[in-house]
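Coordinate inspection notes
Here are the chains, one letter per residue:
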Amino acid sequence: MVDQNFSCDPSASAADEARLRKAIELLYFGYRAFTAPPDRILEERGLGRVHHRILYFVGRNPHVSVNALLGVLGVSKQALNAPLRQVVEMGLVATETAAHDRRVRQLRLTPAGEALEARLTGAQMVQLEAAFAQAGAGAEAGWHAVMECLVGGGR
């Protein structure tokens, strides 16, 4: 893990700092480019990125409970309540009572939700496929390794 005060580390060279700052900038700009196409699609419906994350993870985990979705998204019940209610009211997500426990609400995409999620994720898959092809052999595996380290380091 990189020291929080990296620039104050006397052993850190200016080249190391520049290299890491470049990586940070590329991550910011890459994320902006990665989210731009879905953001435009979502904006047409008055939705935002939190709605996209709900649609994506409910689509990947049909019949996920609300509590499990909270854990995956890493948000509070309060933060999830309004956007989840919106996608339910818009007919994009359906809620059902779990057969094993009537207190548990499970979520699944409706056909309209599946279509929107496929459109949003499809745009991002096209971007990733093109970037991996352009970056060359080994780029995808390297990217996955870096992302897995970042995800693991943040837990």
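- The chain appears in an unreviewed UniProt entry as MarR family transcriptional regulator from Aromatoleum toluolicum.

What to know about the overall build of the chain
- Secondary structure assignment for the chain yields six helices and three strands.
- Secondary structure of the chain in N-to-C order comes out as α-α-β-α-α-β-β-α-α.
- Taken over the C-alpha trace, the chain has a radius of gyration of 19 Å; the compact-globule value for 155 residues is 15 Å, which it surpasses by more than 25%.
- If one aligns the C-alpha atoms of the chain with their principal axes, the spans along those axes are about 60 × 30 × 30 Å.

Some words on the side chain of Thr 110
- Within the secondary structure layout, Thr 110 lies in the loop between β3 (105-109) and α5 (111-135).
- For Thr 110, a relative accessible area of 12% translates into the label buried.
- Within the local environment of Thr 110, its side chain forms a polar contact with the backbone oxygen of Gly 91, the two atoms lying 2.5 Å apart.
- Not counting residues within four places of it along the chain, the set of residues in contact with Thr 110 comprises Gly 91, Leu 92, Val 93 and Ala 94.

Looking at the UniProt feature "domain: HTH marR-type" (unreviewed entry) in the chain
- When the UniProt feature table is mapped onto this chain numbering, "domain: HTH marR-type" (unreviewed entry) sits at residues 17-152.
- Span residues 17-152 is 74% helix and 9% strand, its end C-alpha atoms 22 Å apart.

Describing unusual backbone geometry
- In the Ramachandran plot, His 63 falls in the positive-phi region, its phi being about 70° despite a non-glycine side chain.
- Topologically, His 63 is positioned in the loop between α2 (49-60) and β1 (64-65).

Points about the packing of helix α1 (residues 14-44) against α2
- As a packed pair, α1 and α2 sit with axes 10 Å apart at the nearest point and diverge in direction by 90°. Taken as axis vectors, α1 and α2 run roughly perpendicular relative to one another. Taking contact as the criterion, the partners of Tyr 31, Thr 35, Pro 38, Asp 39 and Leu 42 in α1 are, on α2, Arg 49, His 52 and Arg 53.
- Looking at side-chain class alone, the contact of α1 with α2 contains three nonpolar, two polar and three charged residues.

Section: the sheet that holds β3
- Ordered in space as β1-β3-β2, the three strands form an open sheet in which the pairing is antiparallel. Either end of the sheet is taken by a strand with one partner, and the two such strands are β1 and β2 (93-97).
- In this sheet, β3 lies alongside β2 in antiparallel orientation, the contact comprising five bridges. Across the sheet, residue Val 93 finds its bridge partner in β3, namely Leu 109.
- α2 rests against β1, β2 and β3 of the sheet, and its axis sits at about 100° to β3.

As for a nonpolar patch on the surface
- Among the surface-exposed residues, Ile 24, Tyr 28 and Phe 29 lie close enough to one another that they form a single nonpolar patch of about 350 Å² accessible area.
- Looking at the element boundaries, Tyr 28 is found in helix α1.

Let's talk about the packing of helix α3 (residues 66-73) against helix α4 (residues 77-89)
- Contact geometry for α3 and α4: axes closest at 10 Å, N-to-C directions at 110°. Put simply, α3 runs roughly perpendicular to α4. For α3 against α4, the interelement crossing comes out right-handed. For the pair α3 and α4, contact is made by Val 66, Asn 67, Leu 69, Leu 70 and Leu 73 and by Lys 77, Leu 80 and Leu 84, respectively.
- Split into classes, the residues belonging to the contact of α3 with α4 amount to six nonpolar, one polar and one charged.

Reading guide: rules and limits
Residues numbered from 1 in each chain as written. Predicted model: local features only at pLDDT ≥ 70, side-chain atom pairs only at ≥ 80, totals over all residues. Heavy atoms only, no water. Helix = DSSP H or I, 4+ residues; strand = E, 2+ residues; numbered from the N terminus. Rg over C-alpha atoms; globule rule 2.2 N^0.38 Å. Buried < 20%, exposed > 50% of the residue type's maximum accessible area, 1.4 Å probe, protein only. Polar contact = N/O pair within 3.5 Å; in protein donor to acceptor, adjacent residues only side chain to side chain. Contact = heavy atoms within 4.5 Å. UniProt positions renumbered as here; feature names shortened; annotations may be inferred. Axes fitted to C-alpha atoms, helices over the stretch in contact; angles between N-to-C directions. Parallel < 35°, antiparallel > 145°, perpendicular 65-115°, else oblique. Nonpolar A, V, L, I, M, F, W, Y, C, P; charged D, E, K, R; others polar. Pairing = 2+ DSSP bridges. Patch = residues over 30% accessible without salt bridge, like charges linked within 9 Å, V, L, I, M, F, W, Y side chains within 5 Å. Areas by Shrake-Rupley, 256 points an atom, 1.4 Å probe, with all protein chains shown as cover. Salt bridge = Lys/Arg side-chain N within 4 Å of Asp/Glu carboxyl O. Left-handed = near helix turned anticlockwise from the far one by under 90°.

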